[in-house]
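# Topology and contacts: notes
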Amino acid sequence: MKHIINAVEKRKKQIIALAKNIVEIPTVNPPGMNYERCVEFLELSCKKAGLKTRRYYVPKPELKKLGIEAGFARVNLVASWDTGAKKTLHINGHYDVVPATGNWQTDPFKPRIKDGKLFGRGSEDMKANIACMISAVDVLQGLKICPAVNVELSFTPDEETGGQTGLAYLLKKKLIKADYAIGEGYEDDYAAIGNKGMLWLEVGVYGTSAHASTPYRGENAFEHMLEISRAVSGLESVLNRRRTRCVTRDKRDAYSTLVVGGKIAGGNKTNIVPDYASFSIDRRLIPEETVAEARRELEGIIRAKSAKNRNVRVKIRTTTAEEPVISKRDDHFLDVFSKALSSVLAKKLKTAIMPGGTDLRFFIRQGVPCLGYSVKGGQRAHADNEFVYCKSIIDTTKIFALVINGLNRVKQAR
Ligand SMILES: [Zn+2]
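Sequence order as written defines the numbering, with residues in each chain counted from 1. With pLDDT at 70 or above as the cut-off, local features in this predicted model cover only qualifying residues; side-chain atom pairs require 80 or more to be listed or tallied, and sums for whole chains, interfaces and linings still use all residues. Values shown for side chains rest on all heavy atoms present in the structure; no hydrogens or waters enter the calculation.

## Section: the sheet that holds strand β13 (residues 276-285)
- Here, strands pair whenever DSSP counts at least two bridges between them. Helix and strand assignments follow DSSP, with helices taken as H or I runs no shorter than four residues and strands as E runs no shorter than two, numbered in order from the N terminus. The strand order across the open sheet formed by four strands is β11-β13-β9-β14, and the pairing between neighbours is antiparallel. Lying at the two open borders of the sheet, with one neighbouring strand each, are β11 (257-266) and β14 (313-322). Ignoring which end each strand starts from, the neighbouring axes of this sheet average 20° apart.
- Inspection of the sheet shows strand β9 (residues 197-206) paired to β14 by nine bridges, in the antiparallel sense. Paired with Gly204 across the bridge in β14 is Lys315.
- Any two residues whose heavy atoms approach within 4.5 Å are treated as being in contact. Axis lines are fitted to C-alpha atoms, over the contacting stretch for helices. Their N-to-C directions set the angle, which ranges from 0 to 180 degrees. Along the sheet, helix α7 (residues 221-233) contacts β9, β11, β13 and β14; its crossing angle with β13, the most-contacted strand, is approximately 15°.
- Strands in contact with helix α9 (residues 291-306) are β9, β11, β13 and β14; relative to β14, the strand with the most contacts, it is inclined by about 165°.

Here is the structure:
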């Protein structure tokens, strides 16, 4: 173990430089810019690390089906190291980043290092991880170590917009394999083993328009929407007591949640009685709940409220529905990962479910034992002045290298 840790330590400069180079490519999504340029760069880095690479473009008809505008290529990169082993460890990283909005003190795509932190859009979410993935392999190859597991890395687009053309696509087309998987997740001494479910509804309320000088001729959809949304909000006190038995890192994440009105629409003139108003519902499900139950519960409240007035019609549309997921447990995988983590960080590994989902859920659904682990940053993903700790880039590289090296090794006879 020590020689691997030392070898990573010796390559420190190159690893940080690699992370910077990746952050420099503005793979902003939406709309999905510079994907090919990024993949080209990653391909080169993977080849230098001794990996075989394959590119997978999502065909245009497929993009159309998913409602993605043509113009920007959606390309996945898979890099593999076939060691002749029976099992494969897959590590995934998405290379797209959200737009750089807010108040940046530095150019978000000109990565800067200050006080041991690497600043740049996508540094934390999750380009530093990509540098760790490639560097871990690079170091093991340099040491002429042959792992007892095949290694497959994937670099995928569009996580920030649902992941359907990225990791989900690779899995659907059976282009990758995994007996164990590592992807985006928690950091430091926590690894993610699943995430909450999600149900998004759009509730459209229809009334009757009229001249505002004679409101008695109309039926105000906005006023009815307020009543209905207030009734939905009433569910919050129930959800606040619905607690999962799973471990969460933050105690507040142990409960079912509800956000009403993230998106509202309707009404377009002051002197018209509005005949339409709509509001959104974002409902997060603990693993003990299902999408069907959550939908029934919400629909019951909405229908009960709207049934009171015959002149009002309500339409409920589901815009997103994802069941909660928890990874299959694999004791060997957990054991190897926790030993790697404690030999690098001198901490004990803890596992927890996350409130929000990552691409890892696609692997979890297929029954692959998964751990979500990321480079530690300032928890400023999607915010301005996003950064990661340089030390954590090096530590995470060490952990990945130790996990690759440790998996499926036959125990030495004493
Ligand atoms: Zn991410």
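## Looking at the packing of helix α2 (residues 12-23) against helix α5 (residues 123-142)
- The N-to-C vectors of α2 and α5 enclose an angle of 135°; their axes lie 9 Å apart at closest approach. When the interaxial angle is binned, α2 and α5 end up oblique. In this structure, α2 meets α5 at a crossing whose hand is right-handed. Facing α2, whose interface residues are Ile15, Leu18, Ala19, Ile22 and Val23, α5 presents Ser123, Lys127, Ala128, Ile130, Ala131, Ile134 and Ser135.
- All amino acids are sorted into three groups, where Ala, Val, Leu, Ile, Met, Phe, Trp, Tyr, Cys and Pro are nonpolar, Asp, Glu, Lys and Arg are charged, and the leftover types, Gly among them, are polar. A breakdown of the residues in the contact of α2 with α5 according to their chemical character gives nine nonpolar, two polar and one charged. Each angle is binned into one of four classes, with values under 35 degrees roughly parallel, values over 145 roughly antiparallel, values of 65 to 115 roughly perpendicular, and all other values oblique. Crossings are classed by handedness, with left-handed meaning an anticlockwise turn of the near helix from the far one by less than a right angle and right-handed meaning a clockwise turn.

## Describing the domain arrangement of the protein
- You can read the domains of the protein as domain 1 (2-195 + 325-406) and domain 2 (197-322).
- Domain start and stop positions are those given by an automatic or database domain assignment. Each of domain 1 and domain 2 has a C-alpha centre, and the two are 36 Å apart.
- Each partner contributes residues to the interface: domain 1 has 13 residues there, and domain 2 has nine residues.
- Once two parts are put together, the accessible area they lose, assessed with a 1.4 Å probe and summed over both, is termed the buried area. Across the domain 1 to domain 2 interface the summed buried area is about 980 Å²; carbon plus sulfur atoms make up 51%.
- Of all residues in domain 1, Tyr190, Ile353 and Pro355 bury the most surface against domain 2, accounting for 42% of the area lost on that side.

## Focus on the pattern of salt bridges
- A pairing counts as a salt bridge when a side-chain nitrogen of Lys or Arg comes within 4 Å of a carboxyl oxygen of Asp or Glu. Under the counting rule described, the total for this entry stands at 28 salt bridges.
- Note that Arg365 and Glu322 form a salt bridge whose closest N and O atoms lie 2.4 Å from each other. Here the residue Arg365 occupies a position in helix α11 (residues 360-365), and Glu322 occupies one in strand β14, the gap between them amounting to 43 residues.
- Judged by relative accessible area, Arg365 falls into the partly exposed class, the value being 45%.
- Burial classification: accessible surface area is computed with a 1.4 Å probe over protein chains only, and a residue below 20% of its type maximum counts as buried, one above 50% as exposed, and the rest as partly exposed. Taking relative accessible area as the criterion, Glu322 reaches 16% and is therefore assigned buried.
- Here the salt bridges do not stand alone but share partners, grouping Arg242, Arg283, Glu289 and Glu297 into one network.

## Remarks on the coordination of the zinc ion
- For the zinc ion, the protein coordination sphere consists of His94 (NE2), Asp125 (OD), Glu184 (OE) and Glu184 (OE), at 1.7 to 2.6 Å.
- Donor criterion used throughout: N, O or S atom within 2.8 Å of the metal, extended to 3.2 Å for Na, K and Ca. Water excluded; incomplete-looking sites may result. The geometry test gives tetrahedral to four donors whose angles all lie between 85 and 135 degrees, gives square planar to four donors and octahedral to six donors whose opposite members are over 155 degrees apart with all other angles between 65 and 115, and gives irregular to the rest. Around the zinc ion sit four donor atoms; with metal-centred angles ranging over 54 to 138°, the donor geometry is irregular.
- Mapping the donors of the zinc ion onto the primary sequence yields the spacing H-x30-D-x58-E. You can see Asp125 sitting in helix α5 and its partner Glu184 sitting in strand β7 (residues 180-186), a full 59 residues away along the chain.

## Regarding the packing of aromatic side chains
- Each Phe, Tyr or Trp ring, with Trp reduced to its six-membered ring, pairs with another whose centre is within 6.5 Å; inter-plane angles below 30 degrees give stacked pairs, above 60 give edge-to-face pairs, and intermediate values give tilted ones. With the rule as written, the count across this model stands at seven aromatic pairs.
- With a centroid separation of 5.4 Å and an interplanar angle of 70°, the aromatic rings of Phe337 and Tyr373 are classed as edge-to-face. Of this pair, Phe337 sits in helix α10 (residues 331-345) while Tyr373 sits in strand β17 (residues 370-373), and the two are 36 residues apart along the sequence.
- In this structure an aromatic cluster arises from ring pairing among Phe119, Phe387 and Tyr389.
- Any Lys NZ or Arg CZ that is within 6 Å of a ring centre and within 35 degrees of that ring's normal is treated as a charge sitting over the ring. Lying across the ring of Phe387, Lys117 places its NZ or CZ 4.9 Å from the centre.

## What to know about the environment of Gln379
- Examined against the element boundaries, Gln379 turns out to sit in the loop between β17 and β18 (387-389).
- Along the chain, Gln379 and Trp200 lie 179 residues apart, while their C-alpha atoms are 25 Å from each other.
- Those residues in contact with Gln379, other than ones at most four positions away along the chain, are Glu124, Glu187 and Arg249.

## Examining the sheet that holds β18
- If you trace the three strands from one edge of the open sheet to the other, you get β4-β5-β18, paired in antiparallel fashion. The sheet is open, and its two borders are formed by β4 (112-114) and β18, each paired with just one other strand. Between one strand and the next, the sheet's axes are offset by a mean angle of 25°, whatever the strand orientation.
- α2 rests against β4 and β5 (117-119) of the sheet, and its axis sits at about 20° to β5.

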